[in-house]
Amino acid sequence: MKKSRYTEELETLLEMVNEAIEAGRIDEPELPEDANDARSLKAQIEQCREAMGELDDPMDGTFIVITGNPVDGLVHIGPFGNGEEANDYADNLDDEWWVAKIEEP
């Protein structure tokens, strides 16, 4: 059975929160005494959102695709708005390729 988009987004959020907790960026939220306490749950959600904003996504930024080899020459293609776009483009290439993030000076 296919998952709904909502379920997929919740699973992604949970994974990001767990990563933030493991990295020590946020404390593990305490369970509210009353599971129906909307204020406590909203506070936990807000804490998770703030932590998500602090996490750097390694696929964000500007990327290029590099093809070729050092003997015959390298070709740099891009820029792409994120790593996923660069990977999608490179998947259609016949040559060997690498995706590289362009770092700001």
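Residues numbered from 1 in each chain as written. Predicted model: local features only at pLDDT ≥ 70, side-chain atom pairs only at ≥ 80, totals over all residues. Heavy atoms only, no water.

Caption draft 1: Broad picture of the overall build of the protein chain. Counting secondary structure elements, the protein chain contains three helices and three strands. Listed N to C, the secondary structure of the protein chain is α-α-β-β-α-β in terms of helices and strands. Sequence separation of 24 or more characterises 44% of the internal contacts of the protein chain that already satisfy a separation of 6 or more. Surface summary for the protein chain: the accessible area is close to 8700 Å², and the carbon and sulfur share equals 49%. (Helix = DSSP H or I, 4+ residues; strand = E, 2+ residues; numbered from the N terminus. Contact = heavy atoms within 4.5 Å. Areas by Shrake-Rupley, 256 points an atom, 1.4 Å probe, with all protein chains shown as cover.)

Caption draft 2: Structural context of a negative patch on the surface. Residues Glu84, Glu85, Asp88 and Asp91 make up a contiguous surface patch of negative charge. With respect to the helices and strands, aspartate 88 occurs in helix α3 (residues 83-90). Aspartate 88 sits in the partly exposed class, given a relative accessible area of 45%. (Patch = residues over 30% accessible without salt bridge, like charges linked within 9 Å, V, L, I, M, F, W, Y side chains within 5 Å. Salt bridge = Lys/Arg side-chain N within 4 Å of Asp/Glu carboxyl O. Lys, Arg positive; Asp, Glu negative; His and termini not counted. Charge placed at Lys NZ, Arg CZ, Asp CG, Glu CD. Buried < 20%, exposed > 50% of the residue type's maximum accessible area, 1.4 Å probe, protein only.)

Caption draft 3: Representation of unusual backbone geometry within the structure. Proline 79 follows glycine 78 through a cis peptide bond whose omega is 10°. With respect to the secondary-structure elements, proline 79 resides in strand β2 (residues 73-82).

Caption draft 4: How the structure looks around the packing of aromatic side chains. Enumeration over the complete set of coordinates arrives at one aromatic pair. Aromatic pair phenylalanine 80 and tyrosine 89: ring centres 5.3 Å apart, planes at 45°, arrangement tilted. The exposure class of phenylalanine 80 is buried, given its relative accessible area of 14%. By relative accessible area, which is 36% here, tyrosine 89 ends up partly exposed. (Phe/Tyr/Trp six-rings, centres within 6.5 Å; stacked < 30°, edge-to-face > 60°.)

Caption draft 5: Up close: the nonpolar core. Core analysis: the largest hydrophobic core is formed by five residues, namely Phe63, Val65, Phe80, Ala86 and Ala90. Those elements giving two or more residues to this core turn out to be β1 (60-69) and α3. (Core = buried A, V, L, I, M, F, W, Y, C linked by side-chain atoms within 4.5 Å.)

Caption draft 6: Quick look at the side chain of threonine 67. Note on placement: threonine 67 falls in strand β1. Residue classification places threonine 67 among the buried residues on the basis of a relative accessible area of 7%. Ignoring any residue separated from it by four or fewer positions in sequence, one finds threonine 67 in contact with Gly73, Leu74, Val75, Ile77, Leu93, Glu96 and Trp97.

By themselves these figures say nothing about function.
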